[in-house]
Amino acid sequence: MIIGIGNDLIEKSRVKKACEKDAFLSYVFTEKERELIVNKPDRAAGNWAVKEAVAKAMGTGFLGFKIREIEVLRDELGKPYVNLYGNAKLKQEELGIKVFFVSISDTKEYVSAVAVAEG
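Position numbers for residues start from 1 in each chain and track the written sequence from start to end. With pLDDT at 70 or above as the cut-off, local features in this predicted model cover only qualifying residues; side-chain atom pairs require 80 or more to be listed or tallied, and sums for whole chains, interfaces and linings still use all residues. Working from all heavy atoms in the structure, the side-chain values ignore hydrogens and water.

(A) Looking closely at the overall build of the protein chain. Starting at the N terminus, helices and strands are each numbered in turn, a helix being any DSSP run of H or I of at least four residues and a strand any DSSP run of E of at least two. Counting its secondary structure elements, the protein chain contains five helices and five strands. Its C-alpha atoms give the protein chain a radius of gyration of 13 Å, within 12% of the compact-globule value 14 Å for 119 residues. To sort residues, take the accessible area from a 1.4 Å probe on protein chains only and compare it with the maximum for the residue type: under 20% means buried, over 50% means exposed, and anything in between is partly exposed. Counting over 119 residues, the protein chain shows a buried share of 42%. Any two residues whose heavy atoms approach within 4.5 Å are treated as being in contact. Relative to all contacts within the protein chain whose residues are 6 or more apart in sequence, the contacts with residues 24 or more apart total 54%. For the accessible areas, the method is Shrake-Rupley and the probe is 1.4 Å, while residue cover comes only from the protein chains on display. As displayed, the protein chain offers around 7000 Å² of accessible surface, 52% of which is attributable to carbon and sulfur atoms. A residue counts as positive if it is Lys or Arg and as negative if it is Asp or Glu; His and the chain ends are not included. To locate a charge, the coordinates of NZ of Lys, CZ of Arg, CG of Asp or CD of Glu are taken. With 19 positive and 18 negative side-chain charges, the protein chain shows a separation of 2 Å between the mean positions of the two kinds. With C-alpha atoms as the basis for the radius of gyration, the globule rule is written as 2.2 Å multiplied by the number of residues raised to the power 0.38.

Put into structure tokens, the structure is as follows:
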């Protein structure tokens, strides 16, 4: 059963500029994510968009948990997936969400992400 759907659209240039600051990187991204996005601002923008989409799919935005508690990684084929931690994980369990399906699309200037929460 689908519990929620979220999407996000972001300008790559905004994330690229923000990634110039170490404080931003450590606030938004986990250590594993930072390893994946080193010198790849497009990937950073994709991760940001997925985090926003997942928060929207839970119907809460980031109310009650931090953006960094949603981790976006890639499998061996490059498919994005998420891990939730802390209060985000608790919210996932409270809502009965078993898995998130996520997708990222981009153009030269924008990145879009969609998240479907299934329970």
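(B) Molecular detail of the side chain of Lys 51. By the secondary structure assignment, Lys 51 is in helix H4 (residues 41-57). Owing to a relative accessible area of 0%, Lys 51 belongs among the buried residues under this scheme. Not counting residues within four places of it along the chain, the set of residues in contact with Lys 51 comprises Val 28, Phe 29, Glu 33, Phe 62, Ile 67, Arg 68, Ile 70, Glu 71 and Val 72.

(C) How the structure looks around the sheet that holds strand S4 (residues 99-106). A pair of strands counts as paired when DSSP detects no fewer than two bridges linking them. Spatially, S1-S5-S4 is the arrangement adopted by the three strands of the open sheet, whose pairing is antiparallel. Sheet topology places strand S1 (2-11) and S4 at the edges, where each strand pairs with a single neighbour. For this sheet the average axis-to-axis angle between neighbouring strands, irrespective of direction, equals 10°. When S4 meets strand S5 (residues 110-118), the two strands line up antiparallel, connected through eight bridges. In the strand pairing of S5, Phe 101 is matched with Val 116. On the sheet, H4 packs against S1, S4 and S5 and is oriented at approximately 145° with respect to S1. Every angle, taken between N-to-C directions, lies between 0 and 180 degrees, and every axis is a line fitted to C-alpha atoms, over only the stretch in contact when it is a helix.

(D) Region of interest: the pattern of salt bridges. Just to be clear on terms, a salt bridge is a Lys or Arg side-chain nitrogen sitting within 4 Å of an Asp or Glu carboxyl oxygen. Scanning the entire structure with this criterion turns up five salt bridges. Here Glu 94 and Lys 91 are joined by a salt bridge, their closest N and O atoms 3.2 Å apart. Of this pair, Glu 94 and Lys 91 both sit in helix H5 (residues 86-95), separated by three residues, roughly a single helical turn. What emerges from the salt-bridge pattern is a single network uniting Lys 12, Asp 42 and Asp 106.

(E) Examining the pairing of S5 more closely. Residues Val 111, Ala 113, Ala 115 and Ala 117 of S5 are buried on one face, while the alternating residues Tyr 110, Ser 112, Val 114, Val 116 and Glu 118, pointing to the opposite face, are not. With nine bridges connecting them, S1 and S5 associate as antiparallel partners. Directly across from Ile 2, in S5, lies its bridge partner Glu 118. The antiparallel hairpin formed by S4 and S5 contains three residues in its connecting segment.

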